[in-house]
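Residue-level structure breakdown
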Amino acid sequence: MSSSYQLYRNTTLGHTLQESLDELIQIGQITPQLALKVLLQFDKAINTALASRVKNRVSFKGKLNTYRFCDNVWTFVLNKAEFKEVHEIAKVDKVKIVACDGKGAEK
């Protein structure tokens, strides 16, 4: 089993990949085992790519509504949050942030 986080399967790219794999399984082009291998490779590749290629820094602040730390994953819900990147500012009424230890995923 892969130690990469499966968090990005819940993105548009991850959903589209899963739908495509399900379709290929339904028409008999691939096995469910091969689809699982593809998803595990996707998990590893996207975690590696984001860790090594994304260099942007964003700061944020807001009113902490709830937080949780479980299985080395932090989840925060902020109200009236403000995100800053250099000269750009974005404000939202409510946001959920899920933060994983990227270094821990490389084991």
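Residues numbered from 1 in each chain as written. Predicted model: local features only at pLDDT ≥ 70, side-chain atom pairs only at ≥ 80, totals over all residues. Heavy atoms only, no water.

Pairing between side chains becomes possible if they bear opposite charge and their charged atoms approach one another. By the definition in use, this model includes 3 salt bridges. One salt bridge connects glutamate 82 with lysine 84, and the closest N-O pair in it is separated by 3.6 Å. Accessibility expressed as a relative area gives 35% for lysine 84, which makes it partly exposed. Lysine 91 is paired through a salt bridge with glutamate 82; the nearest N and O atoms lie 3.7 Å apart. Looking at lysine 91, the relative accessible area reads 64%, which means it is exposed. Among the charged side chains, a salt-bridge network with shared partners connects Glu82, Lys84 and Lys91. (Salt bridge = Lys/Arg side-chain N within 4 Å of Asp/Glu carboxyl O. Buried < 20%, exposed > 50% of the residue type's maximum accessible area, 1.4 Å probe, protein only.)

This part covers the side chain of arginine 9. Along the chain, arginine 9 falls in the segment before α1 (12–26). For arginine 9, a relative accessible area of 14% corresponds to the buried category. Beyond its immediate sequence surroundings of up to four residues, arginine 9 is in contact with Gly14, His15, Gln18, Leu39, Leu40, Phe42 and Asp43. (Helix = DSSP H or I, 4+ residues; strand = E, 2+ residues; numbered from the N terminus. Contact = heavy atoms within 4.5 Å.)

Moving on, we get to the side chain of aspartate 43. Here aspartate 43 lies in helix α2 (residues 32–53). Judged by relative accessible area, aspartate 43 falls into the buried class, the value being 1%. Of note is the side chain of aspartate 43, whose polar atom sits 2.5 Å from the side chain of arginine 9. (Polar contact = N/O pair within 3.5 Å; in protein donor to acceptor, adjacent residues only side chain to side chain.)

Attention now goes to the packing of aromatic side chains. Scanning all chains against the criterion turns up 4 aromatic pairs. Look at phenylalanine 60 and phenylalanine 83: their rings are 5.7 Å apart centre to centre, the planes differ by 35°, and that puts the pair in the tilted class. Here phenylalanine 83 lies in strand β2 (residues 73–85) and phenylalanine 60 lies in strand β1 (residues 59–70), a separation of 23 residues in the sequence. Exposure remark for phenylalanine 60: the relative accessible area of 44% places this residue in the partly exposed category. Ring centres of phenylalanine 69 and tryptophan 74 lie 4.6 Å apart, and the angle between their planes is 40°; this geometry places the pair in the tilted category. Residue class for tryptophan 74 comes out partly exposed when judged on its relative accessible area of 36%. An aromatic cluster is present here, built from Tyr67, Phe69, Trp74 and Phe76 joined pairwise through their rings. (Phe/Tyr/Trp six-rings, centres within 6.5 Å; stacked < 30°, edge-to-face > 60°.)

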